[in-house]
Amino acid sequence: MTKFVLVGSGLAGGLLAAYLGRRGYEVDLYERRADPREGNIVGGRSINLAISTRGIHALEQIGLADEALQSAIPMRGRMIHDKSGALHFSPYDVDPKKCINSIGRASLNTTVIEAAQRYPNVRVHFNHKCTDVDLNSATARLVSETAARAAVRQSMQMHIDSFEYDESYLPHGYKELTIPPGPDGSWCMEKNALHIWPRKSFMMIALPNPDGSFTCTLFWEFEGPRSFATTKTDEDVSRFFEEEFPDAVPLMPTLLEDFKNNPTGSLVTIRCAPWYYRNKVCLLGDAAHAVVPFYGQGMNAAFEDCVVLDECLEEFSDNRQRVFAEYFSRRKENTDALADLAIGNFIEMRDKTASKSFRAKKKLDHVLEAALPGVYLPLYTMVTFTRMPYATAAKRARAQDFLVYGSLSLICAILIGATLWAIGR
């Protein structure tokens, strides 16, 4: 019987183990960290994620969606917080039923791991670090301790002459903070929204948790006159937050403690090619295509990888190299497109969401979507609420913008010309 060794039991690793187990393969899943069901959560790493259509579809295919979404909180749009304290709600879609869902990382990870372990042919091994991979024999060297990441990809970098690899970091980092539940366990802000404090070159966001709390993330420059580098003392932190996020400060009693103790993370985009070596080794998820988190699609894209790889196994089960090659061919262009979309959405969230013209454009998008159902789809809708390939969605959005806003510009020019002509008469 064919055997798969999976390195990394994160969300995608656990889900892929379940997919492979269902197909009857022998699967050994190794993870360098301890079992997440024992409460071993990495400090400062987001405890909640945004799952949408692509990720939900991947769970549905293996019968896990209802179980996984039991404690998820629907977020129907963005709640924009101005410095003045004014709030502006912007729905994600013209259909109020379309929403993204805040879901706990630990509970979702537990769900997919336990789903994989229901198959007797799947074995999960925690506290095992992969230190090296022999590509030709498809064997992994593992030790029982914690340590560094991406050993499989690093082995491919070292031993495949044509392997292309690029990682690029944003000049911004992130730090996680907390808004605790109200005294009665209620949410202190609108529960069914993703909250954004856009401040041009930086921003803070907050996602709801089932216990009534919000997980906040500050995205801010590493260096500069106002940055993580120059904000060290409690007085510096308090002054910055009171100036920029005055409505949030009263809701954050542990702000100074969180800011001091939680690590400052980096935001990286990884692109590489190819994702496979012969019929021996294949990359999936962040190992193949890490993206910054601003489209909420990193996990959804990784889950979609599992679906596509499973489809390729169905089509070419007798040719493992063809499986890996087809999977890479179908995903590479799309994950590259997602990487660009995610960086673009950072600019949109931190800068444009606060402007009246941006909100007007979003309203026009929804008017056109309602007036032309199935013909006009906003980019966010295509990415988040359909399974349209990311690259196709990006191209279609550019074409729509050219037609719609190009036409509007032409109409405006004609009207201005006609007005000037009338005045000239």
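What you are looking at is a predicted structure, and each value in this text was computed from that prediction instead of being measured.

### Here we look at the side chain of Ser-227
Moving on, step 1. Considering the arrangement of structural elements, one finds Ser-227 in the loop between strand 14 (214-221) and helix 6 (234-244).
Moving on, step 2. A residue is classified by how much of its surface remains accessible, and Ser-227, at 0% relative accessible area, is buried.
Moving on, step 3. Excluding anything up to four places from it in sequence, Ser-227 contacts Trp-220, Glu-221 and Phe-222.

### A word on the environment of Asn-262
Moving on, step 1. As for its placement among the helices and strands, Asn-262 is situated in the loop between helix 7 (255-261) and strand 15 (265-273).
Moving on, step 2. A C-alpha to C-alpha distance of 7.8 Å links Asn-262 and Leu-177, two positions 85 residues apart in sequence.
Moving on, step 3. In this structure Asn-262 touches Lys-175, Glu-176 and Leu-177, once residues within four positions along its chain are discounted.

### Brief notes about the sheet that holds strand 8 (residues 122-125)
Moving on, step 1. Read across the open sheet, the three strands follow the order 1-2-8; overall the sheet is parallel. The open sheet is flanked by strand 1 (3-7) and strand 8, the only strands paired with a single partner. Sheet twist, expressed as the average angle between the axes of neighbouring strands with direction ignored, equals 15°.
Moving on, step 2. In this sheet, strand 2 (residues 26-30) lies alongside strand 1 in parallel orientation, the contact comprising five bridges. What sits directly across from Val-5, in strand 2, is Asp-28.
Moving on, step 3. Of the strands in this sheet, strand 1, strand 2 and strand 8 touch helix 1 (residues 11-22), which is tilted by about 170° from strand 2.

### Considering the environment of Glu-38
Moving on, step 1. Position of Glu-38 among the secondary structure elements: in the loop between strand 2 and strand 3 (48-51).
Moving on, step 2. Looking at Glu-38, the relative accessible area reads 61%, which means it is exposed.
Moving on, step 3. A sequence separation of 72 residues divides Glu-38 from Thr-110, and the C-alpha atoms of the two residues are 9.9 Å apart.

### Observations concerning the packing of aromatic side chains
Moving on, step 1. Scanning all chains against the criterion turns up 22 aromatic pairs.
Moving on, step 2. Pairing Trp-275 with Phe-328 gives two aromatic rings, centres 5.4 Å apart and planes at 70°, and the pair type is edge-to-face. Residue Trp-275 is found in the loop between strand 15 and strand 16 (276-277), and its partner Phe-328 is found in helix 10 (residues 320-350); the two are separated by 53 residues along the sequence.
Moving on, step 3. In this structure Trp-275 comes out as buried when scored by relative accessible area, which is 0%.
Moving on, step 4. A relative accessible area of 17% places Phe-328 in the buried class.
Moving on, step 5. An aromatic cluster is built from Phe-202, Trp-220, Phe-222, Phe-228, Phe-240, Phe-241, Phe-245 and Phe-259, whose rings are joined through pairwise contacts.
Moving on, step 6. Above the face of the Phe-346 ring, Arg-350 is positioned so that its terminal group lies 4.8 Å from the ring centre.

### Regarding the state of the cysteines
Moving on, step 1. Scanning the model with the defined rule gives zero disulfides in all.
Moving on, step 2. With no disulfide of its own, Cys-216 lies 10 Å from the sulfur of Cys-188, the closest cysteine sulfur.
Moving on, step 3. Looking at Cys-216, the relative accessible area reads 0%, which means it is buried.
Moving on, step 4. Sulfur of Cys-312: no disulfide; nearest cysteine sulfur belongs to Cys-282 and is 9.2 Å away.

### Some remarks on the packing of helix 2 (residues 53-60) against helix 9 (residues 298-315)
Moving on, step 1. Axis separation between helix 2 and helix 9 bottoms out at 8 Å; the angle between their running directions is 40°. In terms of their interaxial angle, helix 2 and helix 9 are classed as oblique. Relative to helix 9, the crossing made by helix 2 is left-handed. In this structure, helix 2 uses Arg-54, Gly-55, His-57, Ala-58 and Leu-59 to contact helix 9, whose residues at the interface are Asn-300, Phe-303, Glu-304 and Val-307.
Moving on, step 2. When the residues that make up the contact of helix 2 with helix 9 are grouped by side-chain class, the tally is four nonpolar, three polar and two charged.

### Here's the deal with the nonpolar core
One recurring pattern in soluble globular proteins: nonpolar side chains tend to sit buried together.
Moving on, step 1. Within the largest apolar cluster, 63 residues are counted, with the highest numbers of intra-cluster contacts made by Leu-15, Leu-59 and Phe-303.
Moving on, step 2. The element best represented in this core is helix 9, accounting for nine residues.
Moving on, step 3. Beyond its immediate stretch of four places on either side in the chain, Leu-15 contacts Ala-58, Leu-59, Ile-62, Leu-64, Val-112, Phe-303 and Cys-306.
Moving on, step 4. If you look at the next biggest cluster of nonpolar residues, it comprises 37 residues, including Ile-80, Ala-301, Met-382 and Tyr-390.

### Things to note about the pattern of salt bridges
Moving on, step 1. Taken as a whole and judged by the stated rule, the model has 31 salt bridges.
Moving on, step 2. A salt bridge links Arg-23 to Glu-314, with the nearest nitrogen and oxygen atoms 2.9 Å apart. Highlighted residues: Arg-23 in the loop between helix 1 and strand 2 and Glu-314 in helix 9, separated in sequence by 291 residues.
Moving on, step 3. For Glu-314, a relative accessible area of 52% corresponds to the exposed category.

Procedures and definitions
Residues numbered from 1 in each chain as written. Predicted model: local features only at pLDDT ≥ 70, side-chain atom pairs only at ≥ 80, totals over all residues. Heavy atoms only, no water. Helix = DSSP H or I, 4+ residues; strand = E, 2+ residues; numbered from the N terminus. Buried < 20%, exposed > 50% of the residue type's maximum accessible area, 1.4 Å probe, protein only. Contact = heavy atoms within 4.5 Å. Pairing = 2+ DSSP bridges. Axes fitted to C-alpha atoms, helices over the stretch in contact; angles between N-to-C directions. Phe/Tyr/Trp six-rings, centres within 6.5 Å; stacked < 30°, edge-to-face > 60°. Lys NZ or Arg CZ within 6 Å of the ring centre and 35° of its normal. Disulfide = S-S within 2.5 Å. Parallel < 35°, antiparallel > 145°, perpendicular 65-115°, else oblique. Left-handed = near helix turned anticlockwise from the far one by under 90°. Nonpolar A, V, L, I, M, F, W, Y, C, P; charged D, E, K, R; others polar. Core = buried A, V, L, I, M, F, W, Y, C linked by side-chain atoms within 4.5 Å. Salt bridge = Lys/Arg side-chain N within 4 Å of Asp/Glu carboxyl O.

Interpretation in functional terms is not warranted from these geometric data alone.
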